[in-house]
Amino acid sequence: MIDRRSLLVTVVLGAVLAGCGDPSRAGAPAPPPPVVRAEPVVEQDVPISAEWVGTLVGYINAQIRARVAGHLMSQNYTEGAVVKLGHLLFQVDPRPYQAALEQAEATLLQAQSQLSQAKAQVAASQAQVEQALAKVAQDEAQVKKAEADQRRTELDVGRYTPLAERGSVSKQELDNAVQNNLANIASLAAARASVQNSQASVSNARAALERAHADVKTQEANIAAARAVLTNAQLNLGYTRVLAPISGVAGFRGANIGDYVGPNDQTALTTVSQVDPIYAEFPISEQRALAIFRRWDADPKAPRDIELELILADGSVYPARGRAAALDRQVDVTAGTVLARGVFPNPGNVLRPGQYAKIRALVETKKNALTVPQRAVQNVQGVHQIAVVRPDHTVDVRAVKVDARVGTSYVISEGLKPGDQVVVEGADRLRPGQKVQIASPGPAATGEKR
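As the structure is a prediction and not an experimental result, all values here were calculated from the model.

A.B. asks: Can you walk me through the overall build of the protein chain in this structure?
C.D. replies: Within the protein chain one finds five helices and 20 strands. Its C-alpha atoms give the protein chain a radius of gyration of 57 Å, more than 25% over the compact-globule value 22 Å for 450 residues. The principal-axis extents of the C-alpha atoms in the protein chain amount to approximately 235 × 55 × 35 Å. Evaluated residue by residue, the protein chain yields a buried proportion of 32% over its 450 residues. Contacts in the protein chain between residues far apart in sequence, at least 24 positions, make up 77% of those at least 6 positions apart. Entry remark: accessible area of the protein chain is about 27600 Å², with carbon and sulfur atoms responsible for 53%. Of the charged side chains in the protein chain, 49 are positive and 45 negative; the average position of the first set lies 6 Å away from that of the second.

Put into structure tokens, the structure is as follows:
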């Protein structure tokens, strides 16, 4: 009788041997190639934008200071409100300057009165000169008469002298002729002395006239000085009214009512900023500035009013576009940057000075650039890699050089060529040389969902 235990072992062993000899059970079937999604490399002209971090700055920031010293009497604006050009902001005590103005007006009136007196003196001196000249003429006529009388009596003496020696005329007649001639000689001398005196009077009158003219000029100078003092007093009185020099938003006050303020104060009374339009200032690299300068130098017609986009602190994009306005005159040697300035419209005063913002601009257009979706690029220890599907459906993992990001794509400058198929989904599971299956466009394949 056969042992049951030995029979059971024999049966099991036979079954095992029979199973090992079945070709259909020699091994499990090979897994199918993984399914990936791939897209072709796109060659196109790509606009390249750059972003900078900047700060908004008032188009005009006017620091308001007192132009005259005095006690601050009133504040006439609402802090943070919009003020117009010429709006009264503050009032400084005007009373001392009003008094100074009245005194200057009185000084001017006094100088004008003294000028009138000086002009009257000129007229009087001119009349004295004319009188003196008339007296000279009268005395010169008297001299001529005296000369004529003296010549006549001298002739009488000359005629009577030989006649008296012959006894034709009496000695008394000769003596009378001599006496008359001597009297006429004295009269002539007196007439000539009168002419000299009259000429001296003319000189004195003319000197007085010159002094009167000089006094007129002095009084005219006094009037000019008095008018200058009056103008200064009027200005100082006007400066007690502190007016807005521009239209804009007025800030908080820097002084309290009752404070003694003046032009030398360190703290301004307030600041008024024109914010429509408003500046955005941002530093650009020295290399970028150099490229811009070279482009402008090579092409004088190259556009200089580059369009700008403003991204606010909450991530929203400001609806109005701006324009590049200017580059600063020098490079910041500590940072190696040049300060750039753009200008944006701000009709609703939404933008305020000091706000943080990003500025975006189209800096160039790359011709025939190769672009791939961002999700096709993997960063492996600082190296950018892309899985490329060869025509035989094997994977080639390539290191590439990323040039710029444009929207949801990368611009690739090295490592790809037009027409390459790059894996955009499923690349993290692939090995170089591995066979893959490209999913058809449409809903993701089952293998992609795993």
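A.B. asks: For this particular structure, what's the right way to read the packing of aromatic side chains?
C.D. replies: A full pass over the atoms with the stated rule returns three aromatic pairs. On the numbers, 5.3 Å between centres and 25° between planes, the contact of Trp-52 with Phe-282 is stacked. Placement of Trp-52 in strand S2 (residues 42-64) and of Phe-282 in strand S9 (residues 270-285) is noted, with a sequence separation of 230 residues between them. According to the relative accessible area criterion, Phe-282 is buried, its value standing at 4%. Both rings, one in Tyr-77 and one in Phe-90, keep their centres 5.5 Å apart while their planes meet at 80°; by these two values the pair is edge-to-face. Separated by 13 residues along the polypeptide, Tyr-77 in the loop between strand S3 (70-75) and strand S4 (82-83) and Phe-90 in strand S5 (residues 88-92) bring together distant segments of the chain. We note that Tyr-77, like Phe-90, is buried. It is Arg-341 that lies over the ring of Tyr-279; its NZ or CZ is 4.2 Å from the centre.

A.B. asks: Can you help me understand the sheet that holds strand S6 (residues 241-243) in this one?
C.D. replies: Strand pairing in a sheet is mediated by backbone hydrogen bonds. Such pairs are either parallel or antiparallel. Ordered in space as S6-S5-S3-S8, the four strands form an open sheet in which the pairing is antiparallel. Where the open sheet ends on each side, the last strands, each with one partner, are S6 and strand S8 (260-261).

A.B. asks: Please clarify how the pairing of strand S11 (residues 322-332) should be interpreted in this entry.
C.D. replies: One face of the sheet, then the other: side chains in a regular strand alternate in exactly this way. Relative to S11, strand S10 (residues 307-312) runs antiparallel, the two sharing two bridges. Bridge assignment links Glu-307 to a residue of S11, and that residue is Arg-323. Here S11 pairs with strand S12 (residues 337-344) via six bridges, running antiparallel. Of the residues in S12, the one forming a bridge with Asp-332 is Thr-337. Count of turn residues in the S11/S12 antiparallel hairpin: four residues, of which Gly-336 carries a positive phi of about 65°.

A.B. asks: What am I meant to see in the confidence of the model for the protein chain here?
C.D. replies: Regions with low pLDDT should not have their predicted coordinates read in detail. Taken residue by residue, the protein chain gives an average pLDDT of 87. The fraction at 70 or more is 91%. Note that residues 1-21 has pLDDT below 50 and, in this model, zero contacts with residues that lie over four places away or in other chains. In the predicted structure, residues 444-450 sits below a pLDDT of 50 and forms eleven contacts with residues beyond four places in sequence or in another chain.

A.B. asks: Mind showing me how you'd approach the nonpolar core here?
C.D. replies: Inside soluble globular proteins, nonpolar side chains tend to come together where they are buried. Formed by 30 residues in total, the largest nonpolar core has its most connected members in Trp-52, Ile-284 and Leu-310. At the level of elements, S2, S9, helix H4 (286-298), S10, S12 and strand S13 (356-373) are the ones that each hand at least two residues to this core. Ignoring anything within four residues of it in the chain, the contact list for Leu-310 reads Leu-56, Ala-280, Ser-316, Val-317, Tyr-318, Phe-344, Leu-351, Ala-357, Lys-358 and Ile-359. With 19 residues, the next largest nonpolar core counts Leu-101, Ala-104, Leu-108 and Ile-223 among its residues.

A.B. asks: So what exactly am I meant to see when it comes to H4 here?
C.D. replies: Since the α-helix packs 3.6 residues into each turn, any two residues three or four apart lie on the same face. Look at H4: 18 Å from first C-alpha to last across 13 residues, which is about the 18 Å you get at 1.5 Å a residue. Along H4, the residues that are buried comprise Ala-289, Ile-292 and Trp-296. Down the axis of H4, the buried side of the element spans an arc of 60°, and every buried residue falls inside it. Those residues of H4 that are exposed and aimed more than 90 degrees away from the buried face are Gln-287, Arg-294, Asp-297 and Ala-298. Check the buried side of H4 and you find it contacts S9, S11 and S12.

A.B. asks: Is there a simple way to think about the environment of Val-216 in this case?
C.D. replies: Along the chain, the position of Val-216 falls in helix H3 (residues 171-239). Val-216 sits 95 residues away from Gln-121 along the chain, and the two C-alpha atoms are 8.9 Å apart. In this view, Val-216 contacts Leu-115, Ala-118, Lys-119 and Val-122; residues no more than four positions away in its chain are not counted.

A.B. asks: Please explain the pairing of strand S18 (residues 409-414) as it appears in this structure.
C.D. replies: Bridging between S13 and S18 involves four bridges; their strand directions are antiparallel. Paired with Thr-371 across the strands is Val-411, a residue of S18. Across five bridges, strand S17 (residues 401-406) lies against S18 in antiparallel orientation. Considered in S18, the bridge of Lys-401 is made with Glu-414. Here S17 folds back onto S18, and the loop between the two strands holds two residues, one of which, Gly-407, carries a positive phi near 65°.

A.B. asks: Help me understand the pattern of salt bridges in this model?
C.D. replies: Where side chains of opposite charge bring their charged atoms close, a pairing between them can arise. Evaluated as defined, the whole model comprises 21 salt bridges. Of the charged contacts, one joins Glu-51 and Arg-360 as a salt bridge, the two residues approaching to 2.8 Å between their closest N and O atoms. Of this pair, Glu-51 sits in strand S2 while Arg-360 sits in strand S13, and the two are 309 residues apart along the sequence. Assessed through its relative accessible area of 27%, Arg-360 is described here as partly exposed. A salt bridge links Asp-139 to Lys-135, with the nearest nitrogen and oxygen atoms 2.8 Å apart. Taken together, the residues span about one helical turn, with Asp-139 and Lys-135 both in helix H2 (residues 95-166) at a distance of four residues.

Conventions adopted
Residues numbered from 1 in each chain as written. Predicted model: local features only at pLDDT ≥ 70, side-chain atom pairs only at ≥ 80, totals over all residues. Heavy atoms only, no water. Helix = DSSP H or I, 4+ residues; strand = E, 2+ residues; numbered from the N terminus. Rg over C-alpha atoms; globule rule 2.2 N^0.38 Å. Buried < 20%, exposed > 50% of the residue type's maximum accessible area, 1.4 Å probe, protein only. Contact = heavy atoms within 4.5 Å. Areas by Shrake-Rupley, 256 points an atom, 1.4 Å probe, with all protein chains shown as cover. Lys, Arg positive; Asp, Glu negative; His and termini not counted. Charge placed at Lys NZ, Arg CZ, Asp CG, Glu CD. Phe/Tyr/Trp six-rings, centres within 6.5 Å; stacked < 30°, edge-to-face > 60°. Lys NZ or Arg CZ within 6 Å of the ring centre and 35° of its normal. Pairing = 2+ DSSP bridges. pLDDT = per-residue confidence, 0-100. Core = buried A, V, L, I, M, F, W, Y, C linked by side-chain atoms within 4.5 Å. Expected span 1.5 Å × (residues − 1). Arc of directions from axis to C-beta. Salt bridge = Lys/Arg side-chain N within 4 Å of Asp/Glu carboxyl O.

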